[in-house]
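Remarks on the overall topology
Chain by chain, the residues run as shown.
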Amino acid sequence: MFLHRVLSLYWLACLCIGGAVLPTHAQVAGGPSAPSTASAPAPAPAPAPGPARSETQASSASSNTPAAAPAPAQPAPAPAPAQPAPAQAPALSPVAGPDLPSQYNTTFEQDPDVANGTVIISLRSPDQVPPVSLKEKVKIKKELQGTSQGVLLAEVAANQTIASTIELALSDPSVAFAEPDYILRPSQVTVTPNDPRYSTQWGMAKVNMPTAWGITTGASNVLVCVIDTGIDYTHPDLVPNLAAGTWTDAGNNQQPLSKGFNAINNQPDMMDGNGHGTHCAGVIGAKGNDGIGVAGVNMVAKMTGCKFLSDAGSGTTSDALECINWCVNKAGATISSNSWGGGSASQAIKNAIQTAEATNSHLFVAAAGNENTNTDNSPSYPQGYPLENIFSVGASTEGDARASFSNYGPASVDIFAPGTNIMSTVNGNSYSSYSGTSMACPFVAGAAAMLRGLDSTLTARQLKTILMTQGDTVAALNGYGAGGKRLNVYNAVNYVNSRTPGTPVPVPPSPPPPPPRANATLTYQSTLAVNALPFA
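Residues numbered from 1 in each chain as written. Predicted model: local features only at pLDDT ≥ 70, side-chain atom pairs only at ≥ 80, totals over all residues. Heavy atoms only, no water.

This next bit is on the overall build of the chain. What the chain contains, in helices and strands, is 11 helices and 23 strands. A total of 536 residues make up the chain; the buried ones form 49% of that total. Total accessible area on the chain stands at roughly 24400 Å², and carbon and sulfur atoms take up 55% of it. (Helix = DSSP H or I, 4+ residues; strand = E, 2+ residues; numbered from the N terminus. Buried < 20%, exposed > 50% of the residue type's maximum accessible area, 1.4 Å probe, protein only. Areas by Shrake-Rupley, 256 points an atom, 1.4 Å probe, with all protein chains shown as cover.)

This part takes up the state of the cysteines. Under the counting rule described, the total for this entry stands at two disulfides. Between the sulfur atoms of Cys225 and its disulfide mate Cys327 the distance is 2.0 Å. Residue Cys225 is found in strand β8 (residues 224–228), and its partner Cys327 is found in helix α7 (residues 317–331); the two are separated by 102 residues along the sequence. On the basis of relative accessibility, which here comes to 0%, the residue Cys225 falls in the buried class. Paired by a disulfide, Cys306 and Cys323 hold their sulfur atoms 2.1 Å apart. One quick way to see it: the torsion about the S-S bond of Cys306 and Cys323 is about -80°, and its sign makes the bridge left-handed. (Disulfide = S-S within 2.5 Å.)

Scanning all chains against the criterion turns up nine salt bridges. Taking the shortest distance from any N to any O, the salt bridge between Asp414 and Lys464 comes out at 3.8 Å. Here Asp414 is found in the loop between β17 (390–396) and β18 (415–418), whereas its partner Lys464 is found in helix α10 (residues 460–469), with 50 residues between them in sequence. This pair shows no difference in class: Asp414 is buried, exactly as Lys464 is. (Salt bridge = Lys/Arg side-chain N within 4 Å of Asp/Glu carboxyl O.)

Further remarks concern the packing of helix α9 (residues 437–454) against α10. Angle between the axes and distance between the axes: these two values describe a pair of packed helices. Look at α9 against α10: their axes get within 10 Å of each other, and the N-to-C directions meet at 115°. It follows that α9 is roughly perpendicular to α10 by the angle criterion. The interaxial crossing formed by α9 with α10 has right-handed handedness. In this structure, α9 contributes Val444, Ala447, Ala448, Leu451 and Arg452 to the contact, and α10 contributes Ala460, Leu463, Ile466 and Leu467. Counted by class, the contact of α9 with α10 contains eight nonpolar, no polar and one charged residues. (Axes fitted to C-alpha atoms, helices over the stretch in contact; angles between N-to-C directions. Parallel < 35°, antiparallel > 145°, perpendicular 65-115°, else oblique. Left-handed = near helix turned anticlockwise from the far one by under 90°. Contact = heavy atoms within 4.5 Å. Nonpolar A, V, L, I, M, F, W, Y, C, P; charged D, E, K, R; others polar.)

With that out of the way, let us pick up α9. With 18 residues, α9 should reach 26 Å at 1.5 Å per residue; the first-to-last C-alpha distance of 26 Å fits that figure. Counting buried residues in α9 gives 16 out of 18 residues, a clear majority hidden from the surface. (Expected span 1.5 Å × (residues − 1).)

On to unusual backbone geometry. Following Tyr381, the chain continues to Pro382 via a peptide bond in cis, the omega torsion being 15°. Looking at the element boundaries, Pro382 is found in the loop between β16 (363–367) and β17. Here the phi dihedral of Asn289 falls at roughly 60°; this positive angle occurs in a residue that is not glycine. The residue Asn289 is located in the loop between α6 (276–285) and β12 (303–307) in this model.

A separate point is the packing of aromatic side chains. Taken as a whole and assessed by the stated rule, the structure comprises eight aromatic pairs. Taken together, a centroid distance of 5.6 Å and an interplanar angle of 80° make the contact between Trp247 and Phe261 edge-to-face. Of this pair, Trp247 sits in strand β9 (residues 246–248) while Phe261 is found in strand β11 (residues 261–262), placing the two residues 14 residues apart along the sequence. Phe261 matches Trp247 in its accessibility class, with the two residues each being buried. (Phe/Tyr/Trp six-rings, centres within 6.5 Å; stacked < 30°, edge-to-face > 60°.)

The subject of this paragraph is the sheet that holds strand β7 (residues 175–182). On the basis of which strands lie adjacent, the open sheet formed by four strands has the order β5-β6-β4-β7 and antiparallel pairing. Each end of this open sheet is capped by a strand with a single partner; those strands are β5 (139–143) and β7. Neighbour to neighbour, the strand axes of the sheet diverge by 35° on average, direction disregarded. Bridge count between β5 and strand β6 (residues 151–155): four bridges; the pairing is antiparallel. The residue of β6 that forms the bridge with Lys139 is Glu155. Against the sheet, helix α3 (residues 162–170) makes contact with β4 (114–123), β6 and β7, and its axis sits at roughly 165° relative to β7, the strand it touches most. (Pairing = 2+ DSSP bridges.)

Following this line, the structure appears as structure tokens:
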């Protein structure tokens, strides 16, 4: 018999109090002013006879010498006729409209309101065809139909920028103006679901879900796996958003994804007898706008789950490892929500998470833990493994402060999300408010699914970067997480929705490195638990 090293149980996600669980034109373009070619002014005619004198004359008049008679005045030569100035082109502007920037924006490519790769050019004459001189400078893609003639769409060459392409176009005398190809959108729309308990879901408004839902209501094409105590797959608010389809078990039998997998007993049945996993699933994807219960971050979702935590709320490293592998390799999930932790570092778990990124760019979203500890100095696992596809989430309050129980660390906690008094689904067609980093974690997992639903080419690292950079900077969170950011789903969704797929994602500043950590090389059985607060 193997000797199992059992570590202290961590009760990390649910605290009950009184029955409630706690918790920027170039200068105007155009040539220099034309030099005048008019002849010099003709000399002034000689003064006519009479008393009028110059001041010198007046001074001479004071002498007693009589003044000599003036010579007859000579007529002035006629001035040469003025030569007309050469025709001067009207001043050009690289940007049309009244709100012109003071100088060229040389970073149009980073502006989400500008389409990358194209520029609009207007010729001076409406019936003019693009001259050869212009075609030698820029590549004309097409003449825009439905506009006055002479309005062209040009491509930005690989060795040019939008700004330099505008400059080249303006250097041609045939061009009246050139401007970026701006992205236009409908007016901002907000969606308020009709779920009766939505008014209690303060976290949804905090992360700007109503406006995000005006763009997309979810991702039915992105499979999210909840690794936890399982999911109550009979809950009416979850059933519509559980994944359809099947997976193949060890006996080559097809099993329904909607019922997930139980790593504890190796059965295709993830039924939750605890409620914690069901609560997390509801935050990610409770069916929204259906007139019942609550709304998840994704009103429309695709979820499955793997149960490795028992109904009592604890589990082993070996079963957690089984669930990670099942979610990635059997179910094909590209995002997982992991509201659990405890024990020491496990090389096997670290390897599995790292391999998951290589397999399908899997994003492993992990709760930061509830020990009110600086995890830069005292790492918590699995969020503490230094892997690029791990997204560590701390808990914030309705007042945008760090939840008193939440772990923190600018190098080890990537973002904060609502994690106190979070209303969601629980077992038996019920609903309850829980608190913990367990509740913050599925907010981020759900948001990541939304982004990947808009652009399936986004990698795990890009998802993480977008959500971090597009979060709200909150002063009260400064020093507690990377950049002091709290999740803003609308900002992230709007960024991805406005972005040309395949363009680079800006990389956020690197956080300060954490203190050196021991490199764990041993793999052993350890007891893990839901990332929840102790029950009262």
